[in-house]
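# Remarks on the overall topology
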Amino acid sequence: MRRIFIKSLIVAAVGLSFAGAAVAADPAKKSIVIGTTVGDFGDMVKLSIKPQLEKQGYSVKLVEFTDYVRPNLGLAEGSLDVNVFQHKPYLDSFSKEHKLSLTPVFQVPTAPLGIYPGKLKTLKDVKPGSTVAAPNDPSNFARALVMLADLGWVTLKPGVNPLTASERDIASNIKQVKIIPLEAAQLPRARSDVDFAVINGNYATSSGIKLTEAVYQEKSYAYVNWGVVKSADAAKPWAKDVIAAYNSPEFKAWAQKKYAGYKLPNNWK
């Protein structure tokens, strides 16, 4: 009887140790630095992800950026552990250009790219010479061109890759619009200077622009954004904890309520 009692105590102790391991921080890493662009992705960290990870014993620091270059360079250099701001076509293009070894590991709810009114208020107001400001980074500029093609304002050359389309791939400018490339973060402020502006969803919302103000939104779901880590870190326990937080029932319920109308991660369906 005594042996059975001792054995039961051992089993219970082992069970408790495993239960503790499931919610404890990675002992090899106590702090996690997450980089995002200003707006929704930062709010997701502050309001849901950070509290979840802190309950597990991590210290979480958020760094917010206003450009699409530094978050990947910071991740590769080690000043960030995770970044959340980009879709996969941009990640692939940037990583290839800069020879970086980065891996996408989870998706996040993403406000779609939209065309927003500037001096002109409706699509039917477009006329020859109308100005359209668009993101100047290659992948988002390609998205803008696809949107303009979907609208019938331009046509693209046959067989062009929609992920890499550039001004050279415009076959005809039907509406004779003038496309003005600008830094993505500048686009909300540029609306007063142009007729229309193609604005990334996160920059729209962080500037107080409602998504419902868009006069047109992109159709594609290829641009739902990703959380990214260095490839060498993808299988580490702390990275798995971050991934789990972004896919947790708690985050899903919170995000679906807060970000109605956003494009959601494929694995949430």
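For the structure itself, consult the block above.
Parameters at a glance
- Residues numbered from 1 in each chain as written.
- Predicted model: local features only at pLDDT ≥ 70, side-chain atom pairs only at ≥ 80, totals over all residues.
- Heavy atoms only, no water.
- Helix = DSSP H or I, 4+ residues; strand = E, 2+ residues; numbered from the N terminus.
- Buried < 20%, exposed > 50% of the residue type's maximum accessible area, 1.4 Å probe, protein only.
- Contact = heavy atoms within 4.5 Å.
- Axes fitted to C-alpha atoms, helices over the stretch in contact; angles between N-to-C directions.
- Parallel < 35°, antiparallel > 145°, perpendicular 65-115°, else oblique.
- Left-handed = near helix turned anticlockwise from the far one by under 90°.
- Nonpolar A, V, L, I, M, F, W, Y, C, P; charged D, E, K, R; others polar.
- Phe/Tyr/Trp six-rings, centres within 6.5 Å; stacked < 30°, edge-to-face > 60°.
- Lys NZ or Arg CZ within 6 Å of the ring centre and 35° of its normal.
- Expected span 1.5 Å × (residues − 1).
- Salt bridge = Lys/Arg side-chain N within 4 Å of Asp/Glu carboxyl O.
- 1 Å grid on protein atoms, 1.4 Å probe; cavity = no way out; pocket = protein on both sides within 12 Å on 5 of 7 lines; lining within 4 Å.
- Points joined across faces, edges and corners; volume = space filled by probe spheres on them.

What follows concerns unusual backbone geometry. One non-glycine residue, K99, lies in the positive phi region at around 55 degrees. By the element assignment, K99 lies in the loop between α4 (88–98) and β4 (102–107). The backbone of Q176 sits at a positive phi, close to 55 degrees, despite the residue not being glycine. The residue Q176 is located in the loop between β8 (170–172) and β9 (178–182) in this model.

Before going further, it helps to spend a moment on helix α8 (residues 237–246). In terms of residue burial, α8 counts as a mostly covered element, since seven of its ten residues are buried. W238, A239, D241, V242, I243, A245 and Y246 are the residues of α8 that are buried. On the buried face of α8, the contacting elements are β1 (31–37), α2 (40–55), β3 (82–86), β4, β12 (226–230) and α9 (249–258).

Relative to each other, α2 and α9 sit at 160 degrees, their axes nearing to 10 Å. One element, α2, and the other, α9, form an angle in the roughly antiparallel class. When you trace α2 past α9, the crossing you get is right-handed. For the pair formed by α2 and α9, the contact residues are D43, M44, L47, S48, I49 and Q52 on the first element and E250, F251, W254 and K258 on the second. The residue makeup of the contact of α2 with α9, split by class, is five nonpolar, two polar and three charged.

Let us now look at the packing of aromatic side chains. In total, this model carries twelve aromatic pairs according to the counting rule given. Ring geometry for Y68 against Y203: centres 5.6 Å apart, planes inclined by 35 degrees, an arrangement best described as tilted. Taken together, the positions of Y68 in the loop between β2 (59–65) and α3 (70–77) and Y203 in helix α7 (residues 201–206) put the pair 135 residues apart, joining distant regions of the chain. With 5.4 Å between their ring centres and 75 degrees between their planes, Y246 and F251 make a pair best called edge-to-face. Assessed through its relative accessible area of 0%, Y246 is described here as buried. By relative accessible area, which is 0% here, F251 ends up buried. Among the aromatic residues, ring-to-ring pairing joins F106, Y246, F251, W254, Y259, Y262 and W268 into one connected group. The cationic tip of K263 hangs over the ring face of Y221; the distance from NZ or CZ to the ring centre is 4.7 Å. For K269, the ring lying beneath its charged end belongs to Y221, and the centroid distance is 5.3 Å.

Under the 1.5 Å per step criterion, the end-to-end length of α2 is 22 Å for 16 residues, consistent within 8% with the ideal 22 Å. Among all positions of α2, only D40, F41, G42, M44, V45, S48, I49, Q52 and L53 are buried. Turning to α2, the residues buried within the fold contact β1, β2, β3, α7, α8 and α9. Note on α2: the residue one or two positions beyond its end, G57, has a positive phi of about 105 degrees.

What follows is about the pattern of salt bridges. Opposite charge on two side chains permits them to pair, given that their charged atoms come into close proximity. The tally for this structure, following the rule as stated, stands at nine salt bridges. A salt bridge links D81 to K29; the shortest N-O distance between them is 3.1 Å. Residue D81 is located in the loop between α3 and β3, and its partner K29 is located in the loop between α1 (2–23) and β1; the two are separated by 52 residues in the primary sequence. The same class applies to D81 and to K29, which are both buried. Notably, a salt bridge pairs E213 with R191, separated by 3.8 Å at the nearest N-O pair.

For the structure shown, the criterion picks out one cavity of 30 Å³ or more. If you add up the space inside the largest cavity, you get close to 110 Å³. Around the largest cavity, the lining is made up of 16 residues, and of these F85, R143, N200, N202 and N225 lie nearest the centre. Looking at the lining of the largest cavity, the elements that each hand over two or more residues are β3, α5 (138–151) and α7. Residue composition of the lining of the largest cavity, grouped by class: seven nonpolar, eight polar and one charged.

It is worth spelling out the layout of surface pockets at this point. In this structure, the largest pocket encloses a volume near 220 Å³. Breaking the lining of the largest pocket down by element, the ones donating at least two residues are α4 and α5. Partitioning the lining of the largest pocket into residue classes produces six nonpolar, six polar and two charged. A volume near 150 Å³ is recorded for the second largest pocket. Lining the second largest pocket are Y68, V69, Y90, S93, F94, E97, H98, N136, D137, P138, S139 and E183. Mapped by element, the contributors of at least two residues to the lining of the second largest pocket are α4 and α5. When the residues that make up the lining of the second largest pocket are grouped by side-chain class, the tally is five nonpolar, four polar and three charged.

Structural measurements only, silent on function.
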